[in-house]
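Tertiary structure, described
Listed below are the residues making up each chain.
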Amino acid sequence: MKTLYLLGATGSIGRQTLDIVRQNPTEFKIGSLTANHRIDDLIALIDEFHPAYVSVGDMSDAKLLQKQFPTLHVGWGEDGLIQAATYQPNDPNGLLVNALVGIVGLLPTVRAIEIKRTIALANKETLVVAGDIINELLRIHGVELYPIDSEHSAIWQCLRGEDHKTISKLIITASGGSFRDYVRSHLESVTVEEALSHPNWSMGDKITIDSATMMNKGFEVIEAHHLFHLPPEAIETVIHRESIIHSMVEFTDHSIIAQLSDHDMHLPISYALFYPQRRENQVQSLNWTKLKQLTFSDVSFTRYPCLGYAYDALKRGGNAPAILNAANEAAVDLFLKRKISFLEIETIVGQAIQNNPWIDKPTLDELLKTDQTVKAAIYEHYLTRR
Ligand code: NAD
Ligand code: MG
């Protein structure tokens, strides 16, 4: 039986992870759960899954929870996330499922690797910001990290049993996001509601906006580099509207292996939770006669500048991806709060990359400092402008 330490239990990935736990009650128990502000949802999960530790965003909510559950260990804030990730540090069957959104997921991942806990990672900002440091820590501590993202799970599955030296390229597919049928001039006046209606996937707000700008695909290119150790030139992206092929690997003999399934995150989550086994799950079987067609088209960096910024940041290395991520987190937050327009997201990201000092081989502290400095400057400018 595995013990799951689940960060972000109330989010899209967190809830789908718990669906799998519900369907496999003899396989998993819950060591810890975290939520930011959805306290009622968390209370229902405590009653259902009986975790030993929970953490919430604010101290006041933590106090309320402690009153309601006197024997439960309760924490809050960033320290609470780290406690949740490393709870029961000697548990040999522990698995951290990091389903947080944003750079707040970085330190809990680092601390869990340091106690040699296996990681199932949905939080993409961790690898985007600090992929080199994470890889070094995984090596030093001998820890495994499994991706929970449809594209990286697909590549991981395609590579099973293959000699990595024979990979010639990775081909990451992209749905194109909410505005894939819009020309750039139509993007000027799009609303938050329009941006949040993704054609294929139902996900958290931030990643849905990242899909509309294609920053999400840029992040996935950076993650793929760190997960599969290929240079940026060997990682391609292609628009595939149907989201049926989740990614592909081309080998030196020009054979291409692809992974296909219905678009349902229960599959990549289940693959990471049960790895190296495959298990029955709730995902719909593909109906070939209904599929009709699978289409592919080029991704233009002019149409989607954020994807170009991400490739550039990966090539530059150092703290460039941290600048990219910080500017994007702040810009998406401002857009969701209706303080800026959709197209200002990419303007903000482009300017941040130009305006912030580059650091070669940054430490973890320097990456966190970069994150704070970049965000502070953006909030200062865009929250005080008239
Ligand atoms: P979400 O917004 O639905 O959920 C995020 C979770 O993190 C929530 O439980 C929330 O309470 C918690 N959280 C957010 N900010 C916090 C903070 N400051 N402190 C503590 N907790 C905080 O997000 P999601 O769609 O589930 O995505 C989670 C991660 O997985 C993201 O990095 C995303 O890019 C990645 N991902 C998601 C999907 C998907 O289908 N949803 C697919 C691939 C990758
Ligand atoms: Mg993805």
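Everything here concerns the structure above.
1. Regarding the overall build of the protein chain
Check the secondary structure of the protein chain and you find 16 helices and eleven strands. A compact globule built from 386 residues would reach a C-alpha radius of gyration of about 21 Å, and the protein chain, at 20 Å, matches this within 12%. Within the span of the protein chain, comprising 386 residues, buried residues form 57% of the whole. Across the protein chain, contacts joining residues at least 24 apart in sequence account for 69% of those joining residues at least 6 apart. Counting only carbon and sulfur atoms, one obtains 51% of the accessible surface of the protein chain, whose full area is about 17300 Å². The average position of the 35 basic charges and that of the 47 acidic charges among the side chains of the protein chain differ by 1 Å.

2. Structural notes on the packing of aromatic side chains
This structure, assessed with the given rule, holds eleven aromatic pairs. Where Trp-156 meets Tyr-275, the ring centres are 4.5 Å apart and the plane angle is 35°; that geometry is what we call tilted. With Trp-156 in helix H7 (residues 150-158) and Tyr-275 in the loop between helix H11 (266-274) and helix H12 (288-291), this pair connects stretches of sequence that are 119 residues apart. A residue is classified by how much of its surface remains accessible, and Trp-156, at 14% relative accessible area, is buried. The partly exposed category is assigned to Tyr-275, whose relative accessible area is 23%. Look at Phe-301 and Tyr-311: their rings are 5.6 Å apart centre to centre, the planes differ by 35°, and that puts the pair in the tilted class. Highlighted residues: Phe-301 in the loop between H12 and helix H13 (305-316) and Tyr-311 in helix H13, separated in sequence by ten residues.

3. Topic: the coordination of the magnesium ion (ligand 2)
Tetrahedral coordination by four donors puts the ideal angle at the metal at 109.5 degrees, and octahedral coordination by six puts it at 90 or 180 degrees. Here the magnesium ion (ligand 2) is held by Asp-149 (OD), Glu-151 (OE) and Glu-220 (OE), and the distances to it run 2.1 to 2.2 Å. Donor residues for the magnesium ion (ligand 2) sit on one chain with the sequence pattern D-x1-E-x68-E. One end of the pair, Glu-151, is in helix H7; the other, Glu-220, is in helix H10 (residues 215-228), with 69 residues separating them in the sequence. You'll find Glu-151 and Glu-220 in the same group, each marked buried.

4. Here we look at the environment of Ile-167
Among the structural elements, Ile-167 can be located in strand E8 (residues 167-174). Residue Ile-167 is classed as buried on the basis of its relative accessible area, which comes to 9%. Sequence-wise, Ile-167 and Ile-256 are 89 residues apart; in three dimensions their C-alpha atoms are separated by 9.7 Å. Once you skip the residues sitting within four places of it in the chain, Ile-167 turns out to touch Leu-159, Leu-230, Val-249, Glu-250 and Phe-251.

5. Side note on the sheet that holds strand E11 (residues 256-260)
With mixed pairing, four strands are arranged side by side in an open sheet as E9-E8-E10-E11. What marks the edges here is a single partner per strand, and that holds for strand E9 (235-239) and E11. In this sheet, neighbouring strand axes are inclined to one another by 20° on average, regardless of whether the strands run parallel or antiparallel. When E8 meets E9, the two strands line up parallel, connected through five bridges. Its bridge partner lying in E9, Thr-173 is registered against Val-238. Across the face of the sheet, H7 comes into contact with E8, strand E10 (245-251) and E11 while running at roughly 40° to E10.

6. Details of the side chain of Glu-344
For Glu-344, the location among the structural elements is in helix H15 (residues 342-355). At 2.8 Å, the side chain of Glu-344 and the backbone nitrogen of Ser-341 are in polar contact. Sequence-distant contacts of Glu-344, defined by excluding residues within four places in its chain, comprise Tyr-382 and Arg-385.

7. A look at helix H3 (residues 59-68)
Listing the buried residues of H3 in full gives Asp-61, Ala-62 and Leu-65. The arc enclosing the buried residues of H3, seen along the axis, measures out at 100°, which places them on a common side. In H3, the exposed positions angled more than 90 degrees off the buried face are occupied by Lys-63, Leu-64 and Lys-67. Turning to H3, the residues buried within the fold contact helix H2 (39-49), strand E3 (53-56) and strand E4 (73-76).

8. Some points on the site of ligand 1
Ligand 1 sits among 22 residues. The nearest are Thr-10, Ser-12, Ile-13, Glu-125 and Gly-204. Lys-124 has a polar backbone atom sitting 3.3 Å from an oxygen atom of ligand 1. In the complex, the protein chains occlude 85% of the 830 Å² of accessible area that ligand 1 would expose alone.

9. Topic: the layout of surface pockets
One number sums up the size of the second largest pocket: a volume of about 380 Å³. Elements with a minimum of two residues in the lining of the second largest pocket: helix H6 (124-141), strand E7 (145-147) and H10. Of the residues belonging to the lining of the second largest pocket, the class tally is eleven nonpolar, four polar and three charged.

10. Topic: the nonpolar core
One finds Leu-18, Leu-33, Leu-65, Ile-134, Ile-148, Leu-170 and Phe-342 to be the most contacted residues of the largest nonpolar core, which totals 123 residues. Ranked by residues supplied to this core, first place goes to helix H14 (residues 320-336) with eleven residues. Filtering out sequence-adjacent residues up to four positions away, Leu-18 remains in contact with Leu-6, Ala-9, Ile-30, Leu-33, Leu-45 and Phe-49.

11. Regarding the sheet that holds strand E6 (residues 118-121)
Strand pairing within a sheet occurs via backbone hydrogen bonds; the two strands may be parallel or antiparallel. Pairing is parallel in the open sheet, where seven strands are placed in the order E4-E3-E2-E1-E5-E6-E7. Both outer strands of the open sheet, E4 and E7, are each paired with one neighbouring strand and no more. Across the sheet, the mean angle separating the axes of adjacent strands is 25° when strand polarity is ignored. Across five bridges, strand E1 (residues 2-7) lies against strand E5 (residues 94-98) in parallel orientation. Residue pairing across strands places Leu-6 opposite Val-97, the latter belonging to E5.

Basis of the calculations
- Residues numbered from 1 in each chain as written.
- Chains lettered and ligands numbered in written order.
- Predicted model: local features only at pLDDT ≥ 70, side-chain atom pairs only at ≥ 80, totals over all residues.
- Heavy atoms only, no water.
- Helix = DSSP H or I, 4+ residues; strand = E, 2+ residues; numbered from the N terminus.
- Rg over C-alpha atoms; globule rule 2.2 N^0.38 Å.
- Buried < 20%, exposed > 50% of the residue type's maximum accessible area, 1.4 Å probe, protein only.
- Contact = heavy atoms within 4.5 Å.
- Areas by Shrake-Rupley, 256 points an atom, 1.4 Å probe, with all protein chains shown as cover.
- Lys, Arg positive; Asp, Glu negative; His and termini not counted.
- Charge placed at Lys NZ, Arg CZ, Asp CG, Glu CD.
- Phe/Tyr/Trp six-rings, centres within 6.5 Å; stacked < 30°, edge-to-face > 60°.
- Donors = N, O, S within 2.8 Å, 3.2 Å for Na, K, Ca; no water.
- Pairing = 2+ DSSP bridges.
- Axes fitted to C-alpha atoms, helices over the stretch in contact; angles between N-to-C directions.
- Polar contact = N/O pair within 3.5 Å; in protein donor to acceptor, adjacent residues only side chain to side chain.
- Arc of directions from axis to C-beta.
- Near = heavy atom within 4 Å.
- 1 Å grid on protein atoms, 1.4 Å probe; cavity = no way out; pocket = protein on both sides within 12 Å on 5 of 7 lines; lining within 4 Å.
- Points joined across faces, edges and corners; volume = space filled by probe spheres on them.
- Nonpolar A, V, L, I, M, F, W, Y, C, P; charged D, E, K, R; others polar.
- Core = buried A, V, L, I, M, F, W, Y, C linked by side-chain atoms within 4.5 Å.

This is a description of form; function is not addressed.
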